[in-house]
Amino acid sequence: MPLQTVTPIRRLPPATASRIAAGEVIERPLSALKEALENALDAEAGNVEVRIERSLDHAFQVADDGIGIAVDQLELALERHATSKIAALEDLDRLTSLGFRGEALPSIAAVSRLKLVSRPRDAEHAAMVRCEGGAVVERAAAARAPGTTVEVADLFFNTPARRKFLHSPAGELRAALRMLEAYALAWPEVGFRMIVDGRERFACSRAVSGDAREAEVRRARAAALWGARHAEQLLEARGGGDPAGAGGIVVEALLGLPEHARSTREGQVFLVNRRWIQSPLLGAALRQAYGNLLPAGRFPSATVWLTVPPARLDVNVHPTKREVRFADENGLFALVAATCALPLARLQPPFTVVRGGASGAREEAPYAPPAEPRWAERVRERPGQTSLGFELPPPSAPAAGPQPAAESAAEAELWQLHRTYILAPVRGGLVIFDQHAAHERILFEEAMTRLHGEPGSSQQLMFPALADLTRDQFELLLELGPSLKQLGWDLRPLGPPTVMIQGVPGGLRVERPAVLLQDLIDGVSEPAGAPDPASRGARTPLRGVAWSGAHPDLAEQLARSWACHAAIKAGDALSPAEMRALVDRLFATSRPHGDPHGRATFVRLELDELHRRFGRS
Ligand code: ADP
Ligand code: MG
């Protein structure tokens, strides 16, 4: 390798430096929208309207009816570290606004074409300033009702490297809906509206300030977002406020029932002093509160409002302000867990819930009649012979004994071990199947066939089930509509956020169609690398890249999610007929050796190996 010349250290030109800083504050299109939204809320807006053209990075605007910016200060607002919110760092101890760094507008301006139009409440006229890549290119008088509009177009147009790493526009749009929902929950006295390509996608009007209890106002907002039926079922929690305990923090929450739990954390909203944050700490406290109401891998849906004395909170720890630091984390954890556990206590069952409802043997086989039971032959195949994509270790067989003759599964006895594995004796050894992985492989191939060809059959539900989706789930559902139909779902969207399930894919026993539908949708939107919720430990992550890659293969991601969530689980009891059908159908697939994540569906134990270990050889 040729010796490389050492690059000398140099100061970056100011224009470059400001872009790098922008990369931190404005890490994705959503951050730009978040900052503009927070500015509107800081400006005491009564109504905030978000308009998006095509996608967030193409163009969006946020308009408010807040206090506005004085004409002679408009350009100052676009300067770095220019803020009206604090005068000194100590002011952070009394902070009541969302912004404080004076960095958002300049950071957005540096990487976009930005237009700021504003009129203070007591001014006659509005003024406008336009920037490109951070440089002011136009100033003019303008017409506008009191308030401020910020327009952001062509985000990251001058930072092509960053553009390459953007999330998919559809995923970013759903994230925007989720964010709007969070701020709507934090600011019930503010009306919010979001319009995408001229179509209203989100709206909730401002709560009329009356003498309604704060908790009632919050529940009303939850009803506006998720439907009255869902909001009614939410459990209310309130605790803290004691200056001696946990530093005077007040905790209020609306908690979803265990059946509202999801396979991702997307149903959780944490609001601290009306700021939308991420917090593993609060997530863990919430999980603790639910105790064994939820099996592993399920995350409660809940909104938690925290009121924390500003001096006990550090909001200046993260460039996007999405994370905060609490003065007494242990105290806070205990307070949140205890507060939320209280209303949940009456739901606690006297037994431990097992995922998948292992309620005993099923009397009826959910599978097709067994095909010709010649699978035992294929156990010996090296994966390469049947599989195109998987590189699994060959079935453990260091001592290659004689090839076993075909063995009839009809003769073979099958046993279920710990309701997780199926044991099958074969000539020369024993094959152990992972029942979930095997079923996943079967369902995945079946789904791919249905999605690319003949639609699957649908079994109609005697009593249609209602699923209360979240807004982002509902959006995705609409997008997935035709594919879901191909799979065999018969769905009727009743308008956000409710959908009526009239039929489910045939050939399976679906006990809780609404839960399955939600898990299925969440599985599609899960970012790459999210763990397979059905796996019993940390194992190979879902390989789905539908929303983060450049070539989203939605169908495959849907098939994966379907396979993962509809498959029988560890803990499900199986009858001998079901076990036989499972094994037969597994070996009727193209790649019986691995599930869609590339995990083994079975392992083989050689008799020789057993003999050796028992000292027989
Ligand atoms: P910060 O919010 O941290 O102060 P920003 O860069 O987001 O910094 O905004 C700079 C300043 O511009 C704010 O302090 C505020 O005075 C003014 N400003 C920004 N957006 C608005 C708005 N929508 N309404 C009124 N003033 C605004
Ligand atoms: Mg700001």
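Definitions and limits used
Each chain carries its own residue numbering, running from 1 in the written order of its sequence. Lettering for chains starts from A, numbering for ligands starts from 1, and both go in the order in which the items are written. Local features in a predicted model are, by the rule used here, given only for residues with pLDDT of at least 70; side-chain atom pairs are given and counted only at 80 or more, and totals for whole chains, interfaces and linings are based on all residues. Water and hydrogen atoms were dropped before computing side-chain values, which therefore reflect all heavy atoms in the structure. Residue proximity to a molecule or strand is established when one non-hydrogen atom of the residue lies within 4 Å of it. Polar contact is the term for a pair of N or O atoms within 3.5 Å; when the atoms are in protein, one must be able to donate a hydrogen and the other to accept it, and sequence-neighboring residues count only if both atoms are side-chain atoms. For the accessible areas, the method is Shrake-Rupley and the probe is 1.4 Å, while residue cover comes only from the protein chains on display. Numbering of helices and strands starts at the N terminus; helices are DSSP runs of H or I of at least 4 residues and strands are runs of E of at least 2. Interaxial angle, 0 to 180 degrees, is taken between N-to-C directions of lines fitted to C-alpha atoms, where a helix line uses only the stretch in contact. Each angle receives one of four descriptions, namely roughly parallel if under 35 degrees, roughly antiparallel if over 145, roughly perpendicular if within 65 to 115, and oblique otherwise. Crossings are classed by handedness, with left-handed meaning an anticlockwise turn of the near helix from the far one by less than a right angle and right-handed meaning a clockwise turn. Here, two residues are considered to be in contact whenever any of their heavy atoms come within 4.5 Å of each other. Think of it as three bins: nonpolar holds Ala, Val, Leu, Ile, Met, Phe, Trp, Tyr, Cys and Pro, charged holds Asp, Glu, Lys and Arg, and polar takes everything else, Gly as well. Expected span of a helix: the number of residues minus one, times 1.5 Å. To sort residues, take the accessible area from a 1.4 Å probe on protein chains only and compare it with the maximum for the residue type: under 20% means buried, over 50% means exposed, and anything in between is partly exposed. By construction, the arc corresponds to the directions joining the helix axis to the C-beta atoms.

1. Details of the site of ligand 1
Taken together, 20 residues form the shell around ligand 1, and within it Asn39, Thr83, Ser84, Lys85 and Gly102 come nearest. Threonine 83 places a polar side-chain atom, nitrogen or oxygen, 2.5 Å from an oxygen atom of ligand 1. The separation between an oxygen atom of ligand 1 and a polar main-chain atom of leucine 105 is 2.9 Å. Here ligand 1, which alone exposes 530 Å², has 92% of that area covered by the protein. Elements with a minimum of two residues in the shell around ligand 1: helix H2 (29-42) and helix H3 (104-110). Top contributing element to the shell around ligand 1 by residue count: H3, with three residues.

2. Details of the packing of helix H5 (residues 169-186) against helix H13 (residues 471-487)
Interaxial distance between H5 and H13 falls to 8 Å at its minimum, and their mutual angle equals 150 degrees. Of the possible angle classes, the one that applies to H5 and H13 is roughly antiparallel. The element H5 and its partner H13 pack so that their crossing is right-handed. Residues Ala170, Arg174, Leu177, Arg178 and Glu181 of H5 touch H13, and the partners they reach there are Arg471, Asp472, Glu475, Leu476 and Glu479. Along the lines of polarity and charge, the residues of the contact of H5 with H13 split into three nonpolar, no polar and seven charged.

3. Here's the deal with helix H6 (residues 214-226)
The first and last C-alpha atoms of H6 sit 18 Å apart over 13 residues, in line with the 18 Å expected at 1.5 Å per residue. Residues of H6 that are buried: Ala215, Val217, Arg218, Arg221, Ala222, Leu225 and Trp226. All buried residues of H6 lie within an arc of 160 degrees about the axis, which places them on one face of the element. Count one or two residues on from H6 and you reach glycine 227, which has phi positive near 95 degrees.

4. Section: unusual backbone geometry
Positioned with a positive phi, arginine 274 is a non-glycine residue whose angle comes to about 70 degrees. Take arginine 274: it is sitting in the loop between strand E11 (268-272) and strand E12 (275-277). Judged by its relative accessible area of 30%, arginine 274 is partly exposed. Even without glycine at this site, arginine 419 takes up a positive phi of about 50 degrees.

5. Quick look at the environment of leucine 313
By secondary structure assignment, the location of leucine 313 is in strand E14 (residues 313-314). Of the residues examined, leucine 313 reaches a relative accessible area of 11% and is grouped as buried. Distance in space between the C-alpha atoms of leucine 313 and aspartate 93 is 7.9 Å, their sequence separation being 220 residues. Beyond its immediate sequence surroundings of up to four residues, leucine 313 is in contact with Val272, Asn273, Val308, Val324, Arg325 and Phe326.

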